[in-house]
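Structural characterization, general
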Amino acid sequence: TYVVTDNCINCKYTDCVEVCPVDCFYEGENTLVIHPDECIDCGVCEPECPADAIRPDTEPGMEDWVEMNRKYSELW
Ligand code: SF4
């Protein structure tokens, strides 16, 4: 799955939302978030983010962001 990370804070461009084929972006506290169970791992959103905030969860050090994305996307 892909996750939204710190570069999204107070940014919230919505280019990613527009390209996601499964509409799995949700509004977080001060970022957008990706619902980890809905993301199909297509990767389309990553290059679309003008802030370079979307990363694959397989990168090192992503644990906190994975948790944050899950926490806020499950509020909807
Ligand atoms: Fe949506 Fe694909 Fe990005 Fe997952 S990787 S959030 S399915 S555009």
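Here is a short report on the structure shown in this document.

Rules of the game
- Residues numbered from 1 in each chain as written.
- Predicted model: local features only at pLDDT ≥ 70, side-chain atom pairs only at ≥ 80, totals over all residues.
- Heavy atoms only, no water.
- Salt bridge = Lys/Arg side-chain N within 4 Å of Asp/Glu carboxyl O.
- Helix = DSSP H or I, 4+ residues; strand = E, 2+ residues; numbered from the N terminus.
- Buried < 20%, exposed > 50% of the residue type's maximum accessible area, 1.4 Å probe, protein only.
- Contact = heavy atoms within 4.5 Å.

The tally for this structure, following the rule as stated, stands at five salt bridges. Across the salt bridge formed by Arg70 and Asp37, the nearest N and O atoms sit 3.0 Å from each other. Highlighted residues: Arg70 in helix α2 (residues 63–73) and Asp37 in the loop between β3 (32–34) and β4 (54–56), separated in sequence by 33 residues. Overall, the relative accessible area of 31% leaves Arg70 in the partly exposed class. The exposure class of Asp37 is exposed, given its relative accessible area of 53%. A salt bridge links Glu46 to Arg55; the nearest nitrogen and oxygen atoms lie 3.5 Å apart. Among the ionic contacts, a cluster of salt bridges with common partners joins Glu46, Asp52, Arg55 and Glu59.

All right, on to the environment of Thr1 then. Looking at the element boundaries, Thr1 is found in the segment before β1 (2–4). Between the C-alpha atom of Thr1 and that of Val17, which follows or precedes it by 16 residues, the distance is 15 Å. Beyond its immediate chain neighbours, meaning those up to four positions away, Thr1 contacts Ile34, Pro36, Cys39, Asp41, Pro56 and Asp57.

Peptide bonds are trans in most cases, and residues, glycine excluded, mostly fall at negative phi. Even without a glycine there, the phi angle at Asn10 is positive, about 55°. Position of Asn10 among the secondary structure elements: in the loop between β1 and α1 (15–19). Since its relative accessible area comes to 66%, Asn10 is described here as exposed.

As for its position among the elements, His35 is in the loop between β3 and β4. Those residues in contact with His35, other than ones at most four positions away along the chain, are Cys24, Tyr26, Ser73 and Glu74.

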